[in-house]
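Single-letter residue listing:
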Amino acid sequence: MFVRSGLIKKKPEWSDEDFRRHWLGHHAELAARLPGLRRYEQNHVTDSLQRGFTYPRGPEQLDGFSMLWFDSEQAMREAIRTEAGQALVADENHFIGDLRIVTIDQVEVIEPEADRSLLKRMSLLKRREDIPAEEFKSEWRQEHAHLVKRVAGVRGYRQNLIVGREAPKGHAVDRDGLPIDGIVELWFDDTESLNAAFASPKGQTLMTHAREFIAEITTFLVERHVIVGARG
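Residues numbered from 1 in each chain as written. Predicted model: local features only at pLDDT ≥ 70, side-chain atom pairs only at ≥ 80, totals over all residues. Heavy atoms only, no water.

Q: Please explain the overall build of the protein as it appears in this structure.
A: Secondary structure assignment for the protein yields six helices and eight strands. Traced from its N-terminal end to its C-terminal end, the protein shows the element sequence β-α-β-β-α-α-β-β-α-β-β-α-α-β. A globule of 232 residues ought to have a C-alpha radius of gyration of about 17 Å, and the protein, at 17 Å, matches this closely. Across its three principal axes, the protein shows a C-alpha extent of roughly 55 × 40 × 35 Å. Taken over 232 residues, the protein has a buried fraction of 50%. Contacts spanning at least 24 positions in sequence make up 84% of the contacts within the protein whose residues lie at least 6 apart. On the protein, roughly 10800 Å² of surface is accessible, and the fraction owed to carbon and sulfur atoms is 48%. Charge separation in the protein, taken as the distance between the mean sites of 33 positive and 38 negative side-chain charges, equals 1 Å. (Helix = DSSP H or I, 4+ residues; strand = E, 2+ residues; numbered from the N terminus. Rg over C-alpha atoms; globule rule 2.2 N^0.38 Å. Buried < 20%, exposed > 50% of the residue type's maximum accessible area, 1.4 Å probe, protein only. Contact = heavy atoms within 4.5 Å. Areas by Shrake-Rupley, 256 points an atom, 1.4 Å probe, with all protein chains shown as cover. Lys, Arg positive; Asp, Glu negative; His and termini not counted. Charge placed at Lys NZ, Arg CZ, Asp CG, Glu CD.)

Below is the structure:
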């Protein structure tokens, strides 16, 4: 499955309320019409505090994360060339001030329970400069995933390894142009369980390991909206 995520900042003249209303309403309706779209989620940023732990934070300030799933990159590009795709792009220009795109290699480590109301946190990861990309991938996918699964209170965990970057959308750049290496999605019951998870001994072990290969973790609480569920 080909997965693209948008790192979104609204136009400054739009209020938070108007931005969220438009994105969740009109824009979501346009996106849902894309041919070949298998799944689509919006994640509206509600909190940018570094909750749960003390860790160097990057400069990113975002209003939302989009995620779109297609069968392939070709299917995605064909969808954007359609009338529905062009209407979507025109609307992006209407209300989004800054839109950067990352292509991701996604792994569902702990699948969140779909029938429960859960708190979701998303984080941008930047690897240490002395850690090669392949070593970052190996440490994150193997040891770090194992350590997360041991932490009580984690209800869902998804790793999104960044394998392509566009900054702005449509303009391919290397890591220097968008120095983010991964996006984490974590689910908890509530903020209390989030804080308790990282304060626990296993949570502390997890963060000790993080310092071995991650330079910055920039966290956001988000409100998740599944616009298009999985389409077969």
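Read on for the rest.
Q: Which parts of the structure should I look at to understand the sheet that holds strand β7 (residues 182-188)?
A: Backbone-to-backbone hydrogen bonds pair the strands of a sheet. The strands run either parallel or antiparallel. If you walk around this closed barrel you meet the eight strands as β1-β3-β2-β8-β5-β7-β6-β4, and the pairing is antiparallel. For this sheet, the mean inter-axis angle between neighbouring strands, taken without regard to orientation, is 35°. Of the strand pairs in this sheet, strand β2 (residues 39-47) and strand β8 (residues 214-228) are connected by seven bridges, and their pairing is antiparallel. Among the inter-strand pairings, H44 is bridged to a residue of β8, identified as E223. On the sheet, helix α3 (residues 83-95) packs against β1 (2-10) and β4 (96-110) and is oriented at approximately 115° with respect to β4. (Pairing = 2+ DSSP bridges. Axes fitted to C-alpha atoms, helices over the stretch in contact; angles between N-to-C directions.)

Q: Just to check I follow, could you spell out the pattern of salt bridges for this structure?
A: A side chain with one charge may pair with a side chain of the opposite charge, provided their charged atoms come close. Going through the model one piece at a time under the given rule, you end up with 24 salt bridges. Ionic pairing is found between D16 and K10, a salt bridge with its closest N-O pair at 4.0 Å. Where D105 meets R141, a salt bridge forms, and the shortest distance between an N and an O atom there is 3.6 Å. Linking D105 in strand β4 with R141 in helix α4 (residues 133-149), this pair joins segments that are 36 residues apart in sequence. The network of salt bridges with shared partners includes R39, E41, E108, K120, R158, E185 and R224. (Salt bridge = Lys/Arg side-chain N within 4 Å of Asp/Glu carboxyl O.)

Q: Explanation requested: the environment of T103 in the structure shown.
A: Counting through the fold element by element, T103 comes out in strand β4. With 86 residues separating them along the chain, T103 and E17 place their C-alpha atoms 28 Å apart. In contact with T103, not counting residues within four places along its chain, are F2, V3, R4, L161, I162, V163 and G164.

Q: Is there a simple way to think about the packing of aromatic side chains in this case?
A: Any aromatic ring pair is given by two values, namely how distant the centres are and how the planes are angled relative to each other. On inspection of all chains with the given rule, the structure shows nine aromatic pairs. For the pair F188 and F198, a centre-to-centre distance of 6.1 Å together with 55° between the ring planes defines the contact as tilted. Remark: F198 occurs in helix α5 (residues 191-199) and F188 occurs in strand β7; sequence separation between them is ten residues. On the basis of relative accessibility, which here comes to 0%, the residue F188 falls in the buried class. For F198, a relative accessible area of 5% puts it in the buried group. Following the ring pairs from residue to residue traces out a cluster consisting of W14, F19, W23 and F95. Sitting over the face of the ring of W69, R39 holds its NZ or CZ atom 4.3 Å from the ring centroid. In this structure, R57 packs its charged tip against the face of F220, placed 5.1 Å from the ring centre. (Phe/Tyr/Trp six-rings, centres within 6.5 Å; stacked < 30°, edge-to-face > 60°. Lys NZ or Arg CZ within 6 Å of the ring centre and 35° of its normal.)

Keep in mind these numbers describe shape, not what the thing actually does.
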